[in-house]
Amino acid sequence: MIKEHTAVLKDLKNRFMVFHQSNIFFRDIQFGIQAMLRDQGIRVSYVEAERLARQFVERMEQEKIFVGIDRQTWTLRYAEFKTPKVEKAASEPASGAKA
């Protein structure tokens, strides 16, 4: 039922705080998949959503996108979700005036 992992990951990012190298939790994946399918007009039970989430996790582990921490938690390795690097503020005021 879930063919495109990129679409699922993007949907999860829109619903939860998901970034490159952040932790992702099984229940977030399960509820995210269930909500995504519901938005598409497909109703799935709690048990079916859990089954789909397990399949999705297995695929993401095989592709090294999810790195297991424990049986319910993974680290997301998805460079497309990197947050922008924040540069240090300059030590002088922006106007160029000296303090």
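Everything below is about the structure shown above.
Below, the structure is looked at part by part. (Residues numbered from 1 in each chain as written. Predicted model: local features only at pLDDT ≥ 70, side-chain atom pairs only at ≥ 80, totals over all residues. Heavy atoms only, no water.)

Details of the packing of aromatic side chains
Filter applied, for reference: Each pair of aromatic rings taken from Phe, Tyr and Trp, with Trp reduced to its six-membered ring, is defined by centres within 6.5 Å and is described as stacked if the planes are under 30 degrees apart, edge-to-face if over 60, and tilted in the remaining cases. We count a stretch as a helix when DSSP gives it H or I for four or more residues in a row; a strand needs E for two or more, and each element gets its number in order from the N terminus. Each residue's exposure class comes from its accessible area (1.4 Å probe, protein chains only) as a fraction of the maximum for that residue type: buried when under 20%, exposed when over 50%, partly exposed otherwise.
This structure, assessed with the given rule, holds four aromatic pairs. Both rings, one in phenylalanine 31 and one in tyrosine 46, keep their centres 6.2 Å apart while their planes meet at 55°; by these two values the pair is tilted. Of this pair, phenylalanine 31 sits in helix H2 (residues 26–39) while tyrosine 46 is found in helix H3 (residues 46–62), placing the two residues 15 residues apart along the sequence. For phenylalanine 31, a relative accessible area of 38% corresponds to the partly exposed category.

A short note on the sheet that holds strand S2 (residues 66–70)
How we decide: Here a strand pair is declared whenever DSSP counts at least two bridges between the two strands. Only the stretch in contact is used when a helix axis is fitted, and all axes are lines through C-alpha atoms; the angle between N-to-C directions ranges over 0 to 180 degrees. Throughout, a contact is declared for two residues whenever any of their heavy atoms are within 4.5 Å.
Strand order in this open sheet of three strands is S1-S3-S2, and the pairing throughout is antiparallel. Among the strands making up the open sheet, the edge pair consists of strand S1 (23–25) and S2. Here the average twist between neighbouring strands, direction ignored, is 35°. Across four bridges, S2 lies against strand S3 (residues 73–76) in antiparallel orientation. Each bridged residue has a counterpart across the sheet, and for valine 67 the counterpart in S3 is threonine 75. This element, H3, spans S2 and S3 of the sheet and lies at about 115° to S2.

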